[in-house]
Amino acid sequence: MGAEITYLRGDASAPQGAGVKVIAHVCNDLGGWGKGFVLALSRRWPEPEAAYRAWHRGRARNDFGLGAVQLVQVERYVWVANIVGQRGIRTGRSTGVPVRYEAIDAGLAALAGHAARLGASAHMPRIGCGLAGGRWERVEPLVRARLADRGVAVTVYDR
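Below or above, wherever it landed, is the structure these notes cover. (Residues numbered from 1 in each chain as written. Predicted model: local features only at pLDDT ≥ 70, side-chain atom pairs only at ≥ 80, totals over all residues. Heavy atoms only, no water.)

Moving on, we come to the overall build of the protein. Regarding its fold elements, the protein presents four helices and six strands. Sequence-ordered secondary structure for the protein, helices as α and strands as β, is β-β-α-α-β-β-α-β-α-β. The globule rule puts the C-alpha radius of gyration for 159 residues at 15 Å, and the 14 Å found for the protein is close to it. Taking all 159 residues of the protein together, the buried fraction comes to 50%. Nonlocal contacts in the protein, meaning residues at least 24 apart in sequence, comprise 69% of its contacts between residues at least 6 apart. Element-wise, carbon and sulfur atoms account for 51% of the exposed surface of the protein, whose accessible area totals about 7900 Å². For the protein, the distance from the average site of its 22 positive side-chain charges to the average site of its 13 negative ones is 5 Å. (Helix = DSSP H or I, 4+ residues; strand = E, 2+ residues; numbered from the N terminus. Rg over C-alpha atoms; globule rule 2.2 N^0.38 Å. Buried < 20%, exposed > 50% of the residue type's maximum accessible area, 1.4 Å probe, protein only. Contact = heavy atoms within 4.5 Å. Areas by Shrake-Rupley, 256 points an atom, 1.4 Å probe, with all protein chains shown as cover. Lys, Arg positive; Asp, Glu negative; His and termini not counted. Charge placed at Lys NZ, Arg CZ, Asp CG, Glu CD.)

Given below as structure tokens:
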């Protein structure tokens, strides 16, 4: 039943392989979009950013918040999963890191259901480990437990 995690050199915004693909990435809970991996997404498609900003604007009336996932279709067989897994952003004065592992875990669990429904593989950079400041040694077991062990093939892209 379990699937593999494959590591490739490349760009997660240009996922490899056949079939339906979901590109997963981590967003902050402030509505900010403009640094890191989201720039690669926005260069390819306007929809993920527009959907995320609208989701954040309407947060009083929707599920926006840590651990939530928003699925945005960008091509016939490609979706982007905006996972809210970061509280705030790093500033010059901040202490600690914005990553929230429990929110990434919840988001990946929700993503597993979407991927199963779509018959999709999951594609991602090392989520939560860039601007969010997380460590892959903490994130990778979550990806394995929530996706790979549930039969979702995962490809992680390193630049």
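On to helix α2 (residues 47-57). Residues separated by three or four positions in an α-helix point in the same direction, a consequence of the helix having 3.6 residues per turn. When α2 is considered as a whole, its buried residues turn out to be Pro48, Tyr52, Trp55 and His56. For α2, the angular spread of the buried residues around the axis is 95°, confining them to a single face. Looking at the buried residues of α2, the elements they touch are β2 (21-28), β3 (69-75) and β4 (78-86). (Arc of directions from axis to C-beta.)

So, on to the packing of aromatic side chains. In this description, an aromatic ring pair is defined by two values, namely the gap between the centres and the angle between the planes. Scanning the entire structure with this criterion turns up four aromatic pairs. Ring centres 6.4 Å apart and planes at 85° place the aromatic pair Tyr7 and Trp136 in the edge-to-face group. Taken together, the residues Tyr7 in strand β1 (residues 5-9) and Trp136 in helix α4 (residues 136-146) connect sequence positions 129 residues apart. The class for Tyr7 is partly exposed, based on a relative accessible area of 35%. Centroid distance Trp55 to Phe64: 5.0 Å. Interplanar angle 80°. Geometry classified as edge-to-face. The buried category is assigned to Trp55, whose relative accessible area is 6%. Under the relative-accessibility criterion, Phe64 is labelled buried at 11%. Taken together, the aromatic side chains of Trp33, Tyr52, Trp55 and Phe64 make up a single cluster linked through ring pairs. (Phe/Tyr/Trp six-rings, centres within 6.5 Å; stacked < 30°, edge-to-face > 60°.)

For the rest of this paragraph, the subject is the pairing of β3. Every other side chain in a regular strand lies on the same face of the sheet, so the side chains alternate between the two faces. Two elements, β3 and β4, share six bridges in a ladder whose sense is antiparallel. Residue pairing across strands places Leu71 opposite Ala81, the latter belonging to β4. (Pairing = 2+ DSSP bridges.)

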